Every structure is written in structure tokens, then in C-alpha cells.
Amino acid sequence: SLGTVCQGCLQSLDAGLIAELQKQKDTLLTEMADALGMPLRDLLCFEGVMLQRQDARLASLPIVASERDRIVSQTHLRQSTRHIWVELQAVRQALKEWNVLTWPFESRYIPHKYGSMVSNTDVQQQVNKKCKLFAQQARVVLADWEKSWPQFKFNDVFSLFGVPMLQLDQKAESMDLDVEEANFDDQLLDETELSSLEPMRVVARLRPMLAHEEGDEITAEVQDKVTVSYETLHHGYVPARHTLQFDAALCCSQAELFQKSGVKALVHRACEGYTCSIFAYGQTGAGKTYSLFGPEDALSQLFDDDLSVEAQRQLPSACHVLVNEARRAQCGQQGLIPRAMQFLFRVLKEMKLDGVTTKATFTEIYNETIYDLFNPSSAKRLDVFQRPGSQVGFHVPGLTSVNCSSAIELMHALQQGLSSRHTHGHSASRESSRAHAIFTVEIPLPGKTGKLIFADLAGSERLKRISGADQKETGYINKSLLMLSNCVSALSSRSNSANPPGAFRNSKLTKVLMEALCGTGFTILLAAISPAKRHFDETANTLSFAAKCGSIPRQLADNEPEHQRELRLLQETVKDLQSEIAFFKAQDLRKNPSQESQNCGSLDFSCPGSVGDPEREATVPRADLEALRAELQRERLRNASLQDELNTLREALQESAAEHADDTKRYMEVEPTGPLLSTSKLTYFGEKAKSDGQLGA
């Protein structure tokens, strides 16, 4: 029993010692966390720290104290890179909470207020990318840090109990995530910026080298913001260097492309009632579809979206940041069209037109056949017809239109249409567009309609260089692009594009793009080019086509209906006439001031503070009114007499036409024995007989 009591005392003593040891270690670890600038829970996530904290031996206490002294004494050495590994550790901790989370939602997507679709996989991929990005940033500052502190080693300073805090010994990987791409420029433009948008604007975008092009020479480059330098062959065999200048020359991210290409101004002009178009031109694999649409998964995200109330309640607060960053990362890869759709409703909101419902159509021209991408299963045959009346261009009647009252609805419709496009992979592109696609958004405005047209043209191809391409598809694509090039050449050589050449009727693509090239709105040509030497000839052709487009003359006019335009012009004429009448009346009063004094003298001032007889006072304006009424009555009578005269002339014309018809029947009578009509057998009556008799005389 004594041994049992002693054993219990020893256990109690050991427990007290362990508790005191743990307390001392927590104090030391808290000081370490403060020196590192992170909470204690984040510090305990490091494997070496947790092992030392759980070690119940008394010998572990001096080890923790010694590590505490080192961390505190080297605080100034970690100051320049502190923010990197602090953020990295915060992300790691949030990811740890995310991984142990039981999925609380019925759908595989996290609920958002405006319908953005972010999945568990999206969050994990974004976190992994962000961790690698932080590690890369640490590598960038590593060289500068070692120059500043040559007597120290990086892994020794940035370590805990001998374990490096940052794993920088792994091979650097190229990152798909760019910090700038996560931004969305929704700043409205002022009038000065809008006035800089020309009716025809040409933008060249140079994509980076792809993985399968590594080792190839670079023959095209952007020298400044407007100049592209490229290599071609002079006389077919002598290498020559050329430069061309455009409205903008870019080698940039998706966000910068949206900001500097002029698409923002294009959206503004569409909201003013103009027809605004942008079409991407270039060879296969040059980045046209990526520039316009971006990745398909990114079409389900909105920049200004947020977690729903349910999601905010069911997810830990540390995970909110992860979800928002995952959504913004996908938004950062969006192309011009989804960014323009979000900016469109931003502009409409500023114009107090929040309730506007836009109308979208999505067309595809595949092998010279029109397809409705919003209704691909329809058996209805579609074709291109000329617009009625004095309207310029062609249209495709019978297309399915989708009404959209928000940006996310437009983007969902766009995503639905993209899933029906004709695509096929070959050696030049893993997912090549095999048809021309035209996405149109009509914006109803007070008194007029604005329009946004986005055209993603299929790329030109050379069968000798591309394996896996269908010969028939390639033939139709190259033929339609050749017809488009001929139309652009014809337009660029003219001084006015109001009367388009007949070459536009040679292809359905040229018919559809006739409004963009010959219309009265704004157009942006996006010329997508490759820097690789293997594509130097196609790059030169694309830049030459872009230069010709820049020479096309344009005339501006908004989409105001004809009758409303006439009414507006008449109202402006009335205002001008009223101002002229007021001016001449003022001149009359200056020349005859006695008339004004007589009018003033007609008032009765017999009683102080009172006005004369109201009947006398109203005599002058009433007389003017009676004169105007009399003149109006005379005009009505004159119009009535003219109308009667016109009716009389119409009746006389109808009677004359009837008589002429009877005479014609008599002229055509022939003798029964004459099988053939002979002029000698005709008999003439009336005035014609008299005139013929006079001529014969």
C-alpha cells in the first residue's frame, strides 16, 4: 500500500512537472511566434515545433529556449522577406482547415450571390498555385538577401529546429497565375478617353512562345506600344526585317488587353446606340479564341461576386479568402467577351438603365452553312439575306435569341453556345475552331438600339505544315478568309465605304461582317500573331491584313430608326426657327422702340399698384393669336384645294389608263384569216390615228 501511495505521488509529481514544462515551452514558443510575426497556432503547424512541444523530457526545454534566443536575435535578418512566408503560412493553415472540412453543400459548387460556380478542386488548385508563387517570390529576393547578409545562410535563418521554413530547393515551375490577371478594370471612361476611339481601330497581340515551339527563333516582337517588328522573305528568299505601326501593339495579360485594346470604349459607344464590332483574325493557334473567350471554366465566374449567406455561415472564416481568391484567379483568365459583358452592365447601371434586358444571338458558319449555336438541334435551314430598305449589310433571320438581364446570364448563354461549336485538335492547336463564330448582343435604349458584335474567325491553315486537319474544312476556311481579304483590299483603296463592293456577296462570312466593315459604327480588329519563326509567313500575312483594315474609311451614325431621325431633325429645325424669330423680334424692338413704349402706354396706372384693364392688356397677344389662327386656316384651305386638285388628276390619270388599255386591245386585233400578227393589219383610233395621219402627210 505504501508503494501504491508513492507511485501515485510520483505520477502526480510527473504530471505537475509536465504541465509546468508545457507552460514554459508555450511561453517560449509564443515569444518565437511574436518574433516571426505569426500567431502561435500557425507556428505549431511546423513539424519540428510540434515535436519539441510534445517532448516531455526536461532536456527539451533548453533546446526550445536556445531556438527562441536565435529566432529573436535574428529578427532583423528576416524583415525583408517576412511578408512572404507569413502569408504562405496563413494559406497553408487555411488549406489545412479546408481539407478537414466536411462538404456542407448539396451541389459540387459553392453557392454565390450572383451565380458564380467555384468547386472544391478550384480552391485546392488555386492554393497550390499560390504556395508556389510565394516560394518563387522568395527565390527572387534570396539573391538580394544573401548579398546583404553574406555571413549568414538563408536556410539557417529561415528554419525552425533545423527544418527550413521555405522549401526553396525544389525546381522552379512556370506559373499560370499572374498577380495582375486577378484584377478587373471596371473604371468608367470619361469623354476625353472615349473621343480617342477611332471608327476603325487595329490592335496587334503577340502571344508568348508555346511549349512545342521551344528552341525556335523569335521573328516577331513588340518594340513599343504601337510598333510590331517582324521578319519576312524579300523576293521569296532574302530575309528582311519590317516594322508596322498600329493603334496598339500588345504582348500582355488578359487584363491588360481589356484595358488597352479599346474594348471598354467600344462598350460605352454601344450603350450610346452605335453598332460596335470586334473580330479576331490570325492563323490557327495564334490565340484568337483565348483572347476573346478565355478558358471555358472562367465563363462561370464574376469579379464582383461573393459567397452567399448560407456559404458564409457554413464555411470557416479562414476559408472565405480561399474561395474568393479561387474565383478571382479564374476571372483573371477571362477573355474580352466575358469582361465586356460585366463592364456592359456596369455602364448601364451608371446610366440608370439597370432594368434593361439585352438580347443575345450566337451564330456559326461551318463549311458555308449557318448554324444556330443556341439551338444546334434545330432542323431549320438558315441563310444570310440582305437587310430590307436602306439598311446596310446582311442578316440571318430565324435565329434563336436569348433575353439576358445580367452579366452572369449572358455568360451562361455564351458558355452554352460554345459547347456546340465545331472544334477539332491537330498539330497546330489542341482545340482548333473549325468555323467562324459570331456572338451578338443587342442593347435596347430609349429611342434606339445599341449592338455589340464579337466575331471569332477560324484561323488560316496550310495543310503541308499541319497534320490531323480535315482537308474539306480547311478549304472552306481558307476560301472564306480569302474573300474577306479581297473585300478589305477593295475597301482600303476607296475614299468612302458607304457603297461597299460586290465582293461581299462571294461568301457568307463577308456578308455577315459587312456591317462591321462598311457600317456606321465602331470596329476593332484584333490581329493575333505568333513570335515563332516557323509561322513567320502567316504572321506577315496577318499583319498585312491588319494594315489594310486600318486604311478603311468609316462614317459614324448611331442606330436611330429612320422615322425617329426625321422627327429629331424636324424638332431641331423648329428650335432653330424659333431662335431666329426671337432674334429678329429683338432686332425689331431695337429699331422701333416707340412701338414698345406705345404698348407700355396702353396700360392703366390710375390706381397705385394695380394693372390696367385685363382685356386691354391681353389685346395685343390675342390679336397675334387671331392672326396666327387665320393664317393657319388659310393654309388648311390651300392644302385642301391642292388635295382636291391632286385627286382630280389621279382620277384623270386612271381614266386615261383605262382608255389606253382599251385601245391596246383594239390595236392587237387581227383578221381571222391571218395566223400571224402583222403591223399592216392593225387599226388605230383616237389621237394616235390623227398623229399617224399627220406624220404620213
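Residues numbered from 1 in each chain as written. Predicted model: local features only at pLDDT ≥ 70, side-chain atom pairs only at ≥ 80, totals over all residues. Heavy atoms only, no water.

### Structural notes on the pattern of salt bridges
Here's step 1: Applying the stated criterion to the full structure yields 21 salt bridges.
Here's step 2: For Glu272, the salt bridge identified is with Arg269, shortest N-O distance 2.8 Å.
Here's step 3: On the basis of relative accessibility, which here comes to 11%, the residue Arg269 falls in the buried class.
Here's step 4: Among the ionic pairs, Arg421 bridges to Asp456, the shortest N-O distance being 2.8 Å. Of this pair, Arg421 sits in the loop between helix H15 (407-418) and strand E16 (423-426) while Asp456 sits in strand E19 (residues 448-456), and the two are 35 residues apart along the sequence. (Salt bridge = Lys/Arg side-chain N within 4 Å of Asp/Glu carboxyl O. Buried < 20%, exposed > 50% of the residue type's maximum accessible area, 1.4 Å probe, protein only. Helix = DSSP H or I, 4+ residues; strand = E, 2+ residues; numbered from the N terminus.)

### Looking at the nonpolar core
One broad trend across soluble globular proteins is that nonpolar side chains are buried collectively.
Here's step 1: Of all hydrophobic cores here, the largest spans 59 residues; its most connected members are Met341 and Phe439.
Here's step 2: No other element matches helix H14 (residues 336-350), which puts nine residues into this core.
Here's step 3: Leave out the neighbours within four places in its chain, and Phe439 touches Ile337, Met341, Ala360, Thr361, Phe362, Phe374, Leu410, Leu414, Leu452, Ile453 and Phe454.
Here's step 4: Phe246, Ala503, Phe504 and Leu525 belong to the second-largest nonpolar core, a separate cluster that totals 44 residues. (Core = buried A, V, L, I, M, F, W, Y, C linked by side-chain atoms within 4.5 Å. Contact = heavy atoms within 4.5 Å.)

### What about the packing of helix H10 (residues 263-270) against H14?
Here's step 1: The interhelical angle for the contact between H10 and H14, taken along N-to-C directions, is 45°, at an axis separation of 10 Å. Judged on the interaxial angle alone, H14 and H10 are oblique. Between H10 and H14 the crossing geometry is right-handed. Residues Val263, Lys264, Val267 and His268 of H10 lie in contact with H14, whose contacting residues are Leu336, Ala340, Phe343, Leu344 and Val347. (Axes fitted to C-alpha atoms, helices over the stretch in contact; angles between N-to-C directions. Parallel < 35°, antiparallel > 145°, perpendicular 65-115°, else oblique. Left-handed = near helix turned anticlockwise from the far one by under 90°.)

### Concerning the packing of H14 against H15
Here's step 1: Following both chains from N to C, one finds H14 and H15 inclined at 155°, their axes separated by 9 Å at the closest point. As summarised for this structure, H14 and H15 are arranged roughly antiparallel, according to the angle between their axes. Two packed elements cross with a definite hand, and for H14 against H15 that hand is right-handed. Contacts between H14 and H15 involve Ile337, Pro338, Met341, Gln342, Leu344 and Phe345 from the first element and Ala407, Leu410, Met411 and Leu414 from the second.

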